[in-house]
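# Coordinates in review
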Amino acid sequence: SERYNARDAEPRWQAEWDRQAIFATKNDDPREKYYVLEMFPYPSGRIHIGHVRNYTLGDVIARYMRARGYNVLHPMGWDAFGLPAENAAIERRIAPKAWTYDNIKAMKKQLRSIGLSLDWSREIATCDPSYYKHQQKMFLDFLRAGLAEREKRKINWDPVDMTVLANEQVIDGRGWRSGAVVEQREMNQWIFKITKFSQELLDALGTLDRWPDKVRLMQRNWIGRSEGLLIRFVLDAATTPNNESELKIFTTRPDTLFGARFMAIAPDHPLAQAAAKDNPALAGFIAECKQRGTAQAEIDTAEKMGFDTGIRAIHPFDPGWTLPVYVANFILMEYGTGAIFGCPAHDQRDLDFVNKYGLGNVPVVCPEGQDAASFIITDTAYDGDGRMINSRFLDGMSADAAKEEVAKRLEGETRGNEPVAERKVNFRLRDWGISRQRYWGCPIPVIHCPSCDVVPVPEKDLPVTLPEDVTFDKPGNALDHHPTWKHVTCPQCGGKATRETDTMDTFVDSSWYFARFTDPWNDSAPTTRAVADRMLPVDQYIGGVEHAILHLLYSRFFTRAMKATGHLGMDEPFKGMFTQGMVVHETYRKPDGGWASPEEIRIEVDGNNRRATLITTGEPVEIGAVEKMSKSKRNTVDPDDIIGSYGADTARWFMLSDSPPDRDVIWSEEGVQGAARFMQRLWRLVNEAADAGKAAPPDRPATFGADASGLRKAAHGALDRVSTGIERLHFNVCLANIREFANELADALARSRSNKSAPAPDLSWSLREAAIILVQIFSPMMPHLAEECWQRALGQTGLVSEARWPQIEPDLLVEDSITLPVQVNGKKRGEVTVASGAGNPEIEAAVLALDAVKQALGGKQARKIIIVPQRIVNVVG
Ligand code: ANZ
Ligand code: ZN
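How each quantity is defined
- Residues numbered from 1 in each chain as written.
- Chains lettered and ligands numbered in written order.
- Predicted model: local features only at pLDDT ≥ 70, side-chain atom pairs only at ≥ 80, totals over all residues.
- Heavy atoms only, no water.
- Helix = DSSP H or I, 4+ residues; strand = E, 2+ residues; numbered from the N terminus.
- Expected span 1.5 Å × (residues − 1).
- Buried < 20%, exposed > 50% of the residue type's maximum accessible area, 1.4 Å probe, protein only.
- Pairing = 2+ DSSP bridges.
- Axes fitted to C-alpha atoms, helices over the stretch in contact; angles between N-to-C directions.
- Parallel < 35°, antiparallel > 145°, perpendicular 65-115°, else oblique.
- Contact = heavy atoms within 4.5 Å.
- Nonpolar A, V, L, I, M, F, W, Y, C, P; charged D, E, K, R; others polar.
- Core = buried A, V, L, I, M, F, W, Y, C linked by side-chain atoms within 4.5 Å.
- Near = heavy atom within 4 Å.
- Polar contact = N/O pair within 3.5 Å; in protein donor to acceptor, adjacent residues only side chain to side chain.
- Areas by Shrake-Rupley, 256 points an atom, 1.4 Å probe, with all protein chains shown as cover.

Taking an unreviewed UniProt entry as the reference, the protein is identified by name as Leucyl-tRNA synthetase belonging to Nitrobacter winogradskyi.

Next up, the structure:
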């Protein structure tokens, strides 16, 4: 047969799938649903190879589950708001909307060329008013339910770009785009009260047993629950500014109280502010601290710095013991109480701090087996378990017992009618600040009125749409600069008022799109409850590990908030989660030190050596490390080029072949060529098997000879392994199984050809069966080739994309046989070989059929047969 021409076949089958709309999912389909979702793309302009991997993984599952008879939902859309559209507007003078929709158009065409089984009738773009109007409605619902609020918050302010920056956008204290030194400002921000669900979000992680452990752990750490004690320290009045008499701290280590050397408070702690009033040097220090970013990483890596306020705190167990109170740059106002006692021997930050300021340390927890007298701490704090030392009444206790003892004693003591200490569960998780001073986002639907304060936009006035006639000639928020957009009349009093010009963080858009996909046609509400409750949760979600924390946590919050406001009936949006690895590529270094792209070089393989040269000049190129694809290293490959020259099936196959899907896969030209050759091989093989099977009887033969049985075992074994492999997402293993089975089929064909005469009917039937199974098991990975084989080679009617997955014949899966010794009247007479799963009747029949046994019985009936499982068979004559 002629070569398989992917460039001709692929668009043809894509058009056929479209024409028959076979991937359009009906919400009233009575079959059990299965929802597969890959994280939707940002419309940056081009699909990159990582998308191809992500969507191919999801597509294999979707196609497989469809063949298994599920009502599969596999939608696609666009995470379409965000900063790059505004940057394009500034740099290239294209309106953000036009830029975004142009990109969507281009990328949709690219996605279609991959041959994904997507239901495009549900396509959504988050920048479309038909989407974000529902988001605005939910914002108002959340506001009413106390799940959204306005709050004064400390934020990172970029004075050049005139915008708030997320912590991740502050690099070394500077704005990531402008390079300007970031200021900390207090500003009114809209927040979502994710902390209302802190405990629930933590507890429910335990139910997500189809999520990667590492993702659950990352979420657990992000939520950061810790159990500790709030302790009120008395301040020495002689050293303390007016009206301040105590300092409340949060600690998780009350056991270390006798190792305390100092107290520390956040630069924006009220006590610090009070102390700075008549202390200009302290005020200067505080101002310096505030110039730093608020990012945790920033704080963790910055050098520990402090300033002695002169205030002294009194130790809760010793009125004669005072501790200096410092303002320190590593204490956050937003965590605990913004104040600590420092125990340098058992906390590294505190140790770094005292070593700088010469405050010394006293170890109070001694590791088991360590001599207390010789236990000293110099540069490394000890944060493990042990016995208490240097701690008066705690000495000799375990650290855990000491924690409990301190808590009990201080809880029982009162000062001014209040206990000196109380137990407290603290969470690291903060409420979600969603305000962005950006144009290209979902407008927050509220109005500020000088007399009525904050007034929600009446629902009948939704959506609040973005104006399109905006300019970006000034830095800052284009909504703010618009001459008319924000000027409105107050819906409550009819007076002059202004719109909120903040838009929502784009993470809001992606926190509920999976729910919208269940009924994107509903114009009057975000979801159709009955439909959403039937189609959700997402059974398999697939995406990059970079979203393991924020996006997944926000979506989990949103699902709960939507439940609380009546839009959904469940708590968890994603039943199964999978994080795929990256596509990486080797790098090529030119003699002049610059990087060469993969298209510019030629690779020669000589045994184990690979040499690279520049195609244009023949100069040698150094083959460098395999790295994440990036523009700067020029080691990217363009999906369009790959699909253009090899076809989508080859790209899909290669993507799945070499590595487990959660690991990085190394893209290589040789690997892709290998995949392309295998595709041709499958095409030939299926055609040959189809030819050999032409003479097959229409009905399944009653019995099969050895050759046919062997082939059928291989086919059903492969079918079984590929099925479970797909269910476990072990795609690379599936591909290895398919290759192996292809070899077995080729062997069977070769044997039958060498027999000169036409294959017997049972073998010819089995060859055809094998070809059908082969095509079906590779169809989720190479769907276009599979259709071509299905109709053109095998002459099947209909589409393989709609065919039911083949039935496994379990009898054929019994791989191993077992051999048992056989005794007649206590004397060994021979051996019997049976399938390992064979039952007693089969074993008895096989034993009685042995000539040696017949002889030993002398033609008489056996009186009794005793089978010792897995060991021996005794025949009693
Ligand atoms: C005394 C102590 C001794 C502490 C010791 C630790 C070790 P997690 O587990 O993350 O909750 N801390 C409390 N509030 C803080 C703030 N606003 N900024 C910076 N650090 C703060 O951490 C709790 C511990 O972090 C607390 O326990 C406190 O230091 C510090 F050997 O108290 B600890
Ligand atoms: Zn008003």
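Having put the structure on the table, let's press on.
What follows covers helix α17 (residues 550-564). Here α17 contains 15 residues, and its C-alpha end-to-end distance of 21 Å stays within 8% of the 21 Å for a straight helix at 1.5 Å per residue. Within α17, 13 of the 15 residues are buried, which leaves the element mostly enclosed by the surrounding structure. Count one or two residues on from α17 and you reach Gly 566, which has phi positive near 85°.

Ordered in space as β24-β23-β26-β25, the four strands form an open sheet in which the pairing is antiparallel. Of all strands in the sheet, those with a lone pairing partner are β24 (453-456) and β25 (487-489), marking the two edges. Geometrically, the sheet is characterised by an average inter-axis angle of 40° between neighbouring strands, direction not taken into account. Sheet topology places strand β23 (residues 446-449) next to strand β26 (residues 496-499); two bridges connect them, and they run antiparallel. Bridged to Ile 447 within β26 is Arg 499.

Further remarks concern the packing of helix α2 (residues 49-67) against helix α19 (residues 648-657). Closest axis-to-axis distance for the α2/α19 pair is 10 Å, and the angle between their directions is 90°. Taken together, the axis directions place α2 and α19 in an arrangement best described as roughly perpendicular. Here α2 contributes Ile 49, Val 52, Arg 53, Thr 56, Leu 57, Asp 59, Val 60 and Arg 63 to the contact with α19, which in turn contributes Arg 652, Met 655 and Leu 656. Of the residues in the contact of α2 with α19, the class split is six nonpolar, one polar and four charged.

The next thing to look at is the nonpolar core. As a rule of thumb, nonpolar side chains are buried together in soluble globular proteins. Core analysis: the largest hydrophobic core is formed by 186 residues, its most contacted members being Phe 139, Phe 192, Tyr 513, Phe 558, Trp 667, Phe 778 and Met 781. The greatest single-element share of this core, amounting to 12 residues, is contributed by helix α20 (residues 669-692). If we ignore the near neighbours within four places in the chain, the residues touching Trp 667 are Ile 49, Val 583, Val 584, His 585, Met 629, Val 637, Ile 642, Ala 651, Phe 654, Met 655 and Val 672. Leu 257, Ala 275, Ala 276 and Ile 311 belong to the second largest nonpolar core, which has 40 residues in total.

The next thing to look at is the site of ligand 1. Near ligand 1 lie 18 residues; those nearest to it are Ser 226, Thr 251, Leu 332, Tyr 335 and Arg 428. One of the side-chain N or O atoms of Ser 226 is found 2.5 Å from an oxygen atom in ligand 1. Between a nitrogen atom of ligand 1 and a main-chain N or O atom of Leu 332, the distance comes to 2.7 Å. Surface burial for ligand 1 is 88%, taken as the share of its 640 Å² of free accessible area covered by protein chains. Only β11 (246-251) and β15 (339-342) provide two or more residues apiece to the shell around ligand 1. In terms of residue class, the shell around ligand 1 is built from eight nonpolar, six polar and four charged.

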